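Structure at a glance
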Amino acid sequence: MPEPSSATSGPPRGPLLPEQARFLERDLPNPHHWNVSQLYAVPPELGFDRVRAAVRAVVACNDVLRLRLDGDGYTLLPADERFDATARDTAGLTPDELTAFVTADAQKLHQEFVLGQGPLMRCVHYTHPVAPRLLLLCHHFVVDQVGWLLLQAQLDAALRGAEVKPPAVSYDDATRWLADRARSAELAADAEAWERLVGTGRPPEPGPGSGPNSVGLTELTCARLPAADVQSLLGPLAGGDRVTINAVAVVSVLNALFPGQDDVRATVNLIGSGRRGIPGMPNLSGTIGDFTCLYPVTVDLATSAPVVDQLHAAQRHLDRVPSAGITFGLLKYLGEPRVRERLGRLPIGDITANYVGRRLPSRLTVLREVPESSGDDLPLGGERDNLHEVDFVLDSGSLEIRWYTSSGRYPQARVESYLAHAVGALSGAGAPDAGHGGDTVRAEEREGVRHG
């Protein structure tokens, strides 16, 4: 557990959001190093003064970037020079030397965050006459996937001289509103729905390997479902009903892990944005922070049945999810004590399915992502959150399935077999031979926010 802040005065502490509280519960060996980062090429004429002014503008509009952990809550630091961008003079380095220097420097910066002190964001400008670089680095405590995209867009806008405006609702106001609602009788009524929806499911096989399920051994294996199959799945099915992408994700992972079975009961964790679902909720679409909500759903279906029947069965379970999933974490971590106890008894699954969204062309104009390493976002030590984490991304109509496992537990051939069953079931063609499920890459190569 991170050391609490020693602050005794200043603004009152704000409440931790559910994913922040759940992160601390994991008791990782180094929770200070759990980051998201990106390295960019920037125009040589972009001076450091402009970079510093842009960072100041972004920090001024987003109070979450001044957050630090304070016991079981947070406080906001005053905006001062601690939040300025940093310049590194690399003018005398060759391109190869520059790459090596930036990678080594980024690796060091990843290890410098301290949750109880802050800041939890860094921006470094590596000045160079030919190939300048800009590193943006944040701890996950202050940014989720939506927030990361917002932060990049705001920084890019500020760098090109556009005005950066604060969100409709500040992070501090948003967290206090959510905490207040979590203690309301209206939201507490969702506890009963969660107790009906979440039960004891069959766990996935622990894997043939005897190695650790560690973050450092995380590998990513990918497969793709063609656009024609995706359209048939998400269009009207038999009976005229439609299904959501989450139903497709649930059917996919259950066919991968429990293929051809007549009675499968398993708990799958789904992930929502945490920015909608409660009546009267303020507009958080432009608010940076870690609002992500994880919620478990126990599903009963037959993977031996036609895929249309499976999708209908999965959708019936998902239709019972209250408040877009947001109240599971809110009640478990911010509800009244008796409600917290009830939600705390419900199991979290060892399978997480996450619809990431659609892959869209980059709208950044000043910042250009480069493939060079921005350091290790996550430390090598620590247990993974669960056994199987599966992302789903719509890309030009096709559906990319990204399966994360520990190579210490699951060899590549096993994960490829999972993906073969998943794609085969969704396409209605049956599982092709193992080994044709996709390509394997190291987790460090993943775009955007990573899981661990």
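Attention in this report is confined to the structure presented alongside it. (Residues numbered from 1 in each chain as written. Predicted model: local features only at pLDDT ≥ 70, side-chain atom pairs only at ≥ 80, totals over all residues. Heavy atoms only, no water.)

Before going further, it helps to examine the overall build of the protein. Within the protein, the secondary structure is distributed over 13 helices and 15 strands. By the compact-globule yardstick of 22 Å for 452 residues, the protein fits well, its C-alpha radius of gyration being 22 Å. Taking the principal axes of the C-alpha coordinates as reference, the protein spans close to 65 × 55 × 45 Å. Taking all 452 residues of the protein together, the buried fraction comes to 56%. (Helix = DSSP H or I, 4+ residues; strand = E, 2+ residues; numbered from the N terminus. Rg over C-alpha atoms; globule rule 2.2 N^0.38 Å. Buried < 20%, exposed > 50% of the residue type's maximum accessible area, 1.4 Å probe, protein only.)

On to the sheet that holds strand β3 (residues 67-70). A sheet is described by the order of its strands in space; here three strands give the open sequence β1-β4-β3, paired in antiparallel fashion. Among the strands making up the open sheet, the edge pair consists of β1 (14-15) and β3. (Pairing = 2+ DSSP bridges.)

It is worth spelling out the environment of tryptophan 177 at this point. Among the structural elements, tryptophan 177 can be located in helix α5 (residues 171-182). Sequence spacing of tryptophan 177 and aspartate 72 is 105 residues, and the spatial spacing of their C-alpha atoms is 17 Å. With sequence-adjacent residues up to four places away left out, tryptophan 177 is seen in contact with Ile278, Pro279, Gly280, Met281 and Pro282. (Contact = heavy atoms within 4.5 Å.)

Packing of helix α9 (residues 245-257) against helix α10 (residues 307-318) leaves a shortest axis separation of 9 Å and a crossing angle of 120°. Put simply, α9 runs oblique to α10. Along this stretch, α9 crosses α10, giving a crossing that reads as right-handed. On the side of α9, the interface is formed by Asn246, Ala247, Val248, Val250, Val251 and Asn255, while α10 contributes Val307, Gln310, Leu311, Ala314, Gln315 and Leu318. (Axes fitted to C-alpha atoms, helices over the stretch in contact; angles between N-to-C directions. Parallel < 35°, antiparallel > 145°, perpendicular 65-115°, else oblique. Left-handed = near helix turned anticlockwise from the far one by under 90°.)

Looking now at α5. With 12 residues, α5 should cover 16 Å at 1.5 Å per step; its first-to-last C-alpha distance of 16 Å lies within 8% of that length. Taken together, the buried positions of α5 are Tyr171, Asp172, Ala174, Thr175, Leu178, Ala179, Arg181 and Ala182. Those residues of α5 hidden inside the fold are in contact with β1, α1 (18-25), β3, β4 (73-76), α6 (185-188) and α11 (326-334). (Expected span 1.5 Å × (residues − 1).)

For the structure on display, the rule yields nine aromatic pairs. Pairing tyrosine 74 with tyrosine 171 gives two aromatic rings, centres 5.5 Å apart and planes at 55°, and the pair type is tilted. Here tyrosine 74, found in strand β4, pairs with tyrosine 171, found in helix α5; they are 97 residues apart in sequence, far enough to count as distant. For the pair shown, tyrosine 74 and tyrosine 171 are each scored as buried. Ring geometry for phenylalanine 101 and tyrosine 126: centres 6.3 Å apart, planes at 85°, overall edge-to-face. Within this pair, whereas phenylalanine 101 is found in helix α3 (residues 95-110), its partner tyrosine 126 is found in strand β6 (residues 121-127), the two being separated by 25 residues in sequence. Note on tyrosine 126: relative accessible area 0%, which makes it buried. Connected via pairs of aromatic rings, a cluster forms that spans Phe23, Trp34 and Phe141. (Phe/Tyr/Trp six-rings, centres within 6.5 Å; stacked < 30°, edge-to-face > 60°.)

Of the two faces of β4, both are covered, the one formed by Gly73 and Thr75 as well as the one formed by Tyr74 and Leu76. As defined by bridge partners, β3 adjoins β4 across four bridges and the pair is classed as antiparallel. From the neighbouring strand, leucine 69 faces β4, where its bridge partner is tyrosine 74. Where β3 folds back onto β4 in an antiparallel hairpin, the turn is made up of two residues, including glycine 71, whose phi is positive at roughly 65°.

Positionally, glutamine 152 belongs in helix α4 (residues 145-159). At 2.7 Å, the side chain of glutamine 152 and the side chain of tyrosine 40 are in polar contact. In this structure, glutamine 152 is in contact with Gln38, Tyr40, Leu136, Leu364, Leu367 and Glu369, ignoring residues within four places of it in sequence. (Polar contact = N/O pair within 3.5 Å; in protein donor to acceptor, adjacent residues only side chain to side chain.)

Moving on to the environment of arginine 52. Along the chain, arginine 52 turns up in helix α2 (residues 48-61). Excluding anything up to four places from it in sequence, arginine 52 contacts Asp84 and Ala85.

Right, let's get into the state of the cysteines. Enumeration over the complete set of coordinates arrives at zero disulfides. Residue cysteine 61 stays outside any disulfide, its sulfur separated by 15 Å from that of cysteine 138, the closest cysteine. For the unlinked cysteine cysteine 123, the closest cysteine sulfur is that of cysteine 138, found at 9.4 Å. (Disulfide = S-S within 2.5 Å.)

For the rest of this paragraph, the subject is the pairing of β6. Of all seven residues making up β6, five are buried, and the element is well covered by its neighbours. The pairing of strand β5 (residues 86-89) with β6 spans four bridges and is parallel. What sits directly across from alanine 87, in β6, is histidine 125. In this fold, β5 hands off to α3, which returns the chain to β6; that crossover is right-handed. (Right-handed = clockwise from strand over helix to strand, strands pointing away.)

As a further point, take the pattern of salt bridges. Per the stated rule, a full pass over the model turns up 25 salt bridges. The residue arginine 56 makes a salt bridge to aspartate 84 at a minimum N-O spacing of 2.8 Å. Of the two residues, arginine 56 is situated in helix α2 and aspartate 84 in the loop between β4 and β5; the sequence distance between them amounts to 28 residues. Relative accessible area serves as the criterion here: at 47%, arginine 56 is assigned to the partly exposed category. With a closest N to O distance of 2.6 Å, glutamate 186 and arginine 181 form a salt bridge. Using a relative accessible area of 46% as the deciding quantity, one classes glutamate 186 as partly exposed. Members of the salt-bridge network, linked through shared partners, are Arg224, Arg359, Asp395, Glu400 and Arg402. (Salt bridge = Lys/Arg side-chain N within 4 Å of Asp/Glu carboxyl O.)

Another aspect to go through is the sheet that holds strand β2 (residues 35-41). Read across the open sheet, the five strands follow the order β5-β6-β7-β2-β12; overall the sheet is mixed. Bordering the open sheet on either side are β5 and β12 (368-369), each of which pairs with just one other strand. Two elements, β2 and strand β7 (residues 133-139), share seven bridges in a ladder whose sense is antiparallel. The residue bridging asparagine 35 from the neighbouring strand is histidine 139, located in β7. α2 rests against β5, β6 and β7 of the sheet, and its axis sits at about 170° to β6. Sheet contacts for α4: β2, β6, β7 and β12; angle to β7, the most-contacted strand, approximately 145°.

Remember, this is a structural readout, not a statement about activity or role.
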